[in-house]
Amino acid sequence: MTRAVDHGTAKLMPDVDRERAWLLTVDGAPQSYVDLDAPTHLEFEYARRLGHVLDTVAREGRPLDVLHLGGGALTLPRYVAATRPGSRQDVVEADRGLLELVVGHLPLPQGSGIGLHAADARAWLETAPADAADVLIADVFGGSRVPAHLTSLAYARQAERVLRPDGVYLANLADAAPFAFLRSQLATFAAVFEEIALIAEPGVLRGRRFGNVVLIASHRPIETAALARRTASDTFPARVEHGGALREFVGAVRPVRDEDAVASPEPPGGAFGIG
């Protein structure tokens with residue numbers, strides 16, 4: 001199934017191995033994978049890592065208030081609704097056509113507690129009430145790049161304002177050596193939050209390939225030991241970096257101002273493409 005949406009061409013492709021599972025791509029770039037019969041199944045590596053953080057931010061099963069910037073096929077909202085029943089969630093997606101395609105063909109379960117909003121992520125964030133979310137997940141890509149206006153210090157401060165004092169910010173980012181973009185994001189969020197950490201596949205951190213990295217930021221200590229156990233034993237093993245090693249990685253890089261903000265780098269050909 002292929003449809004022109006507001007920001008490109010979206011395609012929903014069935015998984016031949018799973019009866020009600022679908023891959024969503026936009027302009028050929030994989031965006032989301034959803035199994036309607038198994039909402040806790042997270043296919044993509046970065047989604048699994050975000051899921052590990054969601055599993056450790058509060059006791060098992062406790063409902064959370066979660067704000068998702070970027071919707072895709074609503075994979076993570078479905079995951080939270082299944083693992084933490086009673087959670088209240090808002091999803092902000094700039095592409096109204098994409099939202100309509102997803103909810104029309106991959107409907108949300110009754111009583112999911114998921115509210116959908118067709119709006120620009122930062123504009124919506126700037127009007128959202130303060131201290132309203134336990135978790136804020138930023139998974140926004142314009143094509144295959146994180147938009148520039150979602151990378152700056154002003155944006156990070158808005159995210160911090162909307163989170164509760166013990167809230168956790170998560171972002172799906174993508175970069176490769178020499179990691180100019182990733183370092184700038186770590187510096188930016190370290191200027192706003194007391195604690196930062198990242199999760200990445202070792203090959204990405206060693207500069208061997210372009211890939212996704214999960215950024216974690218909060219004012220409370222991050223459960224790095226629990227996360228390290230989960231990510232190391234995952235089907236797609238990853239490493240958790242924090243503390244001195246991360247400060248050394250960031251070095252003297254300064255936070256990003258709105259006037260200096262740039263989108264994340266363009267992935268190399270075939271990095272995320274469908275063959």
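The structure under discussion appears in the preceding block.
Residues numbered from 1 in each chain as written. Predicted model: local features only at pLDDT ≥ 70, side-chain atom pairs only at ≥ 80, totals over all residues. Heavy atoms only, no water.

Trainee: How would you explain the overall build of the protein chain if you had to name every residue and give the values?
Mentor: Scanning the protein chain from terminus to terminus reveals nine helices and twelve strands. For the protein chain, the C-alpha radius of gyration of 17 Å lies close to 19 Å, the compact-globule estimate for 275 residues. A total of 275 residues make up the protein chain; the buried ones form 51% of that total. The long-range share in the protein chain, meaning contacts at least 24 apart out of those at least 6 apart in sequence, stands at 70%. Summed over its atoms, the accessible surface of the protein chain is roughly 12,200 Å², and 50% of this surface lies on carbon and sulfur atoms. (Helix = DSSP H or I, 4+ residues; strand = E, 2+ residues; numbered from the N terminus. Rg over C-alpha atoms; globule rule 2.2 N^0.38 Å. Buried < 20%, exposed > 50% of the residue type's maximum accessible area, 1.4 Å probe, protein only. Contact = heavy atoms within 4.5 Å. Areas by Shrake-Rupley, 256 points an atom, 1.4 Å probe, with all protein chains shown as cover.)

Trainee: Quick rundown of the sheet that holds strand β11 (residues 211-218)? Include the residues and the values.
Mentor: The eight strands lie next to each other as β7-β6-β5-β8-β9-β11-β10-β12, forming an open sheet whose pairing is mixed. On the outer flanks of this sheet lie β7 (114-118) and β12 (239-242), each paired with one strand and no other. Across the sheet, the mean angle from the axis of one strand to that of its neighbour is 15°, orientation sign disregarded. In the sheet, strand β5 (residues 65-69) pairs with strand β6 (residues 88-93) via five bridges, with the strands oriented parallel. Looking across to β6, one finds that H68 is bridged to V91. Together, β8 (133-138), β9 (163-175), β10 (195-200) and β11 form the strand contacts of helix α1 (residues 45-56), whose direction differs from that of β11 by roughly 20°. Sheet contacts for helix α6 (residues 180-190): β9, β10 and β11; angle to β9, the most-contacted strand, approximately 170°. (Pairing = 2+ DSSP bridges. Axes fitted to C-alpha atoms, helices over the stretch in contact; angles between N-to-C directions.)

Trainee: Provide a residue-level description of the pairing of strand β4 (residues 29-35), including the pertinent values.
Mentor: Judged by how many residues are buried, β4 sits mostly within the fold: six of seven residues are covered. Where strand β3 (residues 21-26) lies against β4, six bridges are found, and the strand directions are antiparallel. The residue of β4 that forms the bridge with L23 is Y33. A loop of two residues connects β3 with β4, the two strands running antiparallel in sequence, and D27 in this loop sits at a positive phi of about 55°.

Trainee: Could you give an account of the sheet that holds strand β1 (residues 2-5), with specific residues and numbers?
Mentor: The four strands are arranged β1-β2-β3-β4 in an open sheet whose pairing can be described as antiparallel. Strands with a single pairing partner mark the edges of an open sheet, and in this sheet they are β1 and β4. Across the sheet, the mean angle from the axis of one strand to that of its neighbour is 20°, orientation sign disregarded. With five bridges joining them, strand β2 (residues 8-14) and β3 adopt antiparallel strand pairing. Bridge assignment links A10 to a residue of β3, and that residue is V26.

Trainee: Got a sec to walk through the nonpolar core? Specific residues and values, please.
Mentor: Counting residues in hydrophobic clusters, the biggest one holds 40 residues, and the most contacted among them are L69, L136, Y169, L186 and F189. If near-sequence neighbours (up to four positions away) are discounted, Y169 is found in contact with L136, A138, Y155, A159, L163, F189, F193, L215, I216 and A217. Counting residues in hydrophobic clusters, the runner-up holds 29 residues, among them F44, V66, V214 and V240. (Core = buried A, V, L, I, M, F, W, Y, C linked by side-chain atoms within 4.5 Å.)

Trainee: Which residues make up the pairing of β10, and what values do they have?
Mentor: Consecutive residues of a regular strand have side chains that alternate between opposite faces of the sheet. Where burial is concerned, most of β10 is hidden: five out of the six residues are buried. In the sheet, β10 pairs with β11 via six bridges, with the strands oriented antiparallel. Bridging across to β11, E195 finds its partner in S218. Examined bridge by bridge, β10 and β12 share four bridges and lie antiparallel to one another. Opposite I199, over in β12, you have V240 as the bridge partner.

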